[in-house]
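As a plain string of letters, each chain reads:
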Amino acid sequence: MQRLSVRIMNPVGLHARPAALFVNAVSDFQSTIRIRNRSTRSAWVDARSILGVLGLGVESGHSVDLTVSGPDEREAAGYLKALLESPMPDDQASR
Amino acid sequence: MPKNRNARGKNGRAGLAGLVHLNLIGVGLESLTAKQAIESLSELLRESGHVGANFSSAVWEREKAHPTGLPTVPVGVAIPHTDAHHVTRSGIAVGILRNGVDFLQMGHRDAPAIPVRIVFLLAIKETEKQVRMIQELVGLLQSPDLLRRLAGAQDAAEVRSVLKPRRPTQASSRLHA
C-alpha cells in the first residue's frame with residue numbers, strides 16, 4: 001500500500017472541475033484509492049466517488065491523505081501526487 | 001439523527017438558502033434536454049438582474065466540456081455553473097423538472113448520462129463563495145429524504161422551505177415542549 005499526503009495549492013481547492021479531474025484520474029487506475037481531508041480530520045472516502053470527494057470540503061491550503069493499494073499503486077500514487085500538487089490551471093472558476 | 005446532518009457541514013444551509021429567491025425557482029419545468037433546462041433557469045437569473053445575456057451559453061459550453069450531473073439518490077441532480085465574470089449579482093436558480101433530463105456525470109467522462117430531476121444553476125460572483133456553496137450543496141444532496149421532498153415539491157415556496165435551514169434551537173425546544 002502506498003500512503004501519501006499532499007497540500008492542495010489550487011486556488012479553489014478540490015471542488016468542481018479540480019475534483020472532477022481528480023476523480024477521472026483515479027478511475028483510470030485499478031488500485032483501490034481512498035482519500036481524506038487531513039486538515040478537517042474528515043472520514044476516509046472512496047476517491048472514485050465525486051460526491052465523496054466534493055463532500056470532503058478541501059479548500060486551498062488544506063492537506064489530504066491518500067491510500068493507494070493494488071497492482072498499479074506506485075504509478076497511481078505518483079500520478080495523483082503530481083496532479084494534486086499541480087495548479088490544475090484549466091479551472092475556469094479560479095479566474 | 002439523519003445521516004445528512006454530518007455531511008451538511010458547519011455552515012448549515014444559511015448561505016445557500018439566502019441565494020435561492022422565490023423568483024429563481026422553477027417547478028414542473030418541461031425541459032427535454034440539459035441545454036433547455038439551463039436556458040430556462042438562466043432566464044430566471046437574467047430577468048432578475050443576476051446575470052447577463054451570455055450566461056446561458058457560457059454555462060452550456062462549460063457543461064459540455066465539464067459535465068456536472070451527480071449520481072444522487074433517489075433522483076439525479078446537476079449543478080451547472082460558469083466563470084464568475086458572467087455574473088452580476090450572486091444567486092442560485094433551482095429547477096424541478098417534470099421528467100428526468102440526461103446530464104453527463106461529473107468526474108466520470110465515460111459513464112452513462114444520469115437522468116436529472118433537480119438542477120441547481122449556480123451564479124456566484126465570488127470564487128471563494130462558489131467553493132463553499134458547492135460543499136454546502138453536496139452536503140444537502142446526500143440526504144435522499146430532502147431530494148425526494150424537492151422532487152415532489154408543488155411550488156416555489158415549498159422548494160424554498162425545504163432548502164431553508166432549520167435552527168437547531170427551535171428543533172430542540174420543540175422536542176422539549
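Here the structure is a predicted model, which is why all the values come from computation and not from measurement. (Residues numbered from 1 in each chain as written. Chains lettered and ligands numbered in written order. Predicted model: local features only at pLDDT ≥ 70, side-chain atom pairs only at ≥ 80, totals over all residues. Heavy atoms only, no water.)

> So what's going on with the overall build of chain B? Which residues, and what values?
Per the secondary structure count, chain B includes eight helices and five strands. Helices and strands appear in chain B in the N-to-C order α-α-β-α-α-β-β-β-β-α-α-α-α. Across the 177 residues in chain B, those meeting the buried criterion constitute 49%. Taking the intrachain contacts of chain B between residues at least 6 apart in sequence as the baseline, contacts between residues at least 24 apart amount to 72%. (Helix = DSSP H or I, 4+ residues; strand = E, 2+ residues; numbered from the N terminus. Buried < 20%, exposed > 50% of the residue type's maximum accessible area, 1.4 Å probe, protein only. Contact = heavy atoms within 4.5 Å.)

> With reference to specific residues and values, describe the nonpolar core.
Within the largest apolar cluster, 62 residues are counted, with the highest numbers of intra-cluster contacts made by Phe22 and Ile35 of chain A together with Ile92, Phe120 and Leu150 of chain B. Of the residues forming this core, the biggest block, seven residues, is contributed by helix H1 (residues 16-27) of chain A. Counting residues in each nonpolar core, the second largest holds 22 residues, with Leu41, Val51, Phe103 and Ala123 of chain B among its members. (Core = buried A, V, L, I, M, F, W, Y, C linked by side-chain atoms within 4.5 Å.)

> Kindly report on the interface of chain A and chain B, identifying the contributing residues and their values.
In many reports, interface size means the accessible area that the parts give up when they come together. On the side of chain B, 19 residues touch chain A, which itself brings 21 residues to the contact. With both chains or domains summed, chain A and chain B bury close to 2000 Å², and 58% of this area falls on carbon and sulfur atoms. Counting every contact that joins chain A to chain B gives one salt bridge. In this structure, Asp28 of chain A and Arg109 of chain B form a salt bridge, with 2.7 Å as the shortest nitrogen-oxygen distance. With six residues, H1 of chain A is the single largest residue contributor to the side of chain A that touches chain B. Considered class by class, the residues forming the side of chain A that touches chain B number eight nonpolar, seven polar and six charged. (Buried area = accessible area lost by both parts, 1.4 Å probe. Salt bridge = Lys/Arg side-chain N within 4 Å of Asp/Glu carboxyl O. Nonpolar A, V, L, I, M, F, W, Y, C, P; charged D, E, K, R; others polar.)

> Explain the sheet that holds strand E4 (residues 91-103) of chain B residue by residue, including any values.
All names here are of chain B. If you walk across this open sheet you meet the five strands as E1-E4-E5-E3-E2, and the pairing is mixed. Where the open sheet ends on each side, the last strands, each with one partner, are strand E1 (25-29) and strand E2 (69-70). Of the strand pairs in this sheet, strand E3 (residues 76-78) and strand E5 (residues 114-123) are connected by three bridges, and their pairing is parallel. Residue pairing across strands places Val77 opposite Ile118, the latter belonging to E5. Sheet strands in contact with helix H5 (residues 127-141) are E2, E3, E4 and E5, and its direction is about 150° off that of E5. Running over the sheet, helix H6 (residues 144-151) touches E3, E4 and E5 and is turned about 90° from E5. (Pairing = 2+ DSSP bridges. Axes fitted to C-alpha atoms, helices over the stretch in contact; angles between N-to-C directions.)

> Please give an account of helix H4 (residues 55-65) of chain B that cites residues and values.
All of the buried residues along H4 of chain B are Phe55, Ser56, Ala58, Val59, Trp60, Arg62 and Glu63 of chain B. The inward-facing, buried residues of H4 of chain B contact H1 of chain A together with helix H3 (34-47), E2, E4 and E5 of chain B.

> Help me get a handle on the environment of Glu158 of chain B, residues and values and all.
All names here are of chain B. Its place among the elements puts Glu158 in helix H7 (residues 156-163). Residue Glu158 is classed as partly exposed on the basis of its relative accessible area, which comes to 31%. Sequence separation between Glu158 and Asp102 is 56 residues, and the spatial gap between their C-alpha atoms is 25 Å. The contact partners of Glu158, leaving out residues within four places of it in the chain, are Gly152 and Ala153.

> Pulling in residues and values, what's your account of the packing of H6 of chain B against H7 of chain B?
Residues and elements named next belong to chain B. Packing of H6 against H7 brings their axes to within 9 Å, and their N-to-C directions diverge by 165°. Overall, the two elements H6 and H7 adopt an arrangement that is roughly antiparallel. Where H6 crosses over H7, the handedness of that crossing is left-handed. Residues Leu146, Arg149 and Leu150 of H6 pack against Val159, Val162 and Leu163 of H7. Broken down by class, the residue content of the contact of H6 with H7 amounts to five nonpolar, no polar and one charged. (Parallel < 35°, antiparallel > 145°, perpendicular 65-115°, else oblique. Left-handed = near helix turned anticlockwise from the far one by under 90°.)

> Run through the pattern of salt bridges, naming residues and quoting values.
Scanning all chains against the criterion turns up 10 salt bridges over all chains. Glu39 of chain B is paired through a salt bridge with Lys35 of chain B; the nearest N and O atoms lie 3.3 Å apart. Taken together, the residues span about one helical turn, with Glu39 of chain B and Lys35 of chain B both in helix H3 at a distance of four residues. Because the salt bridges share partners, they merge into one network encompassing Arg36, Arg38 and Asp65 of chain A.

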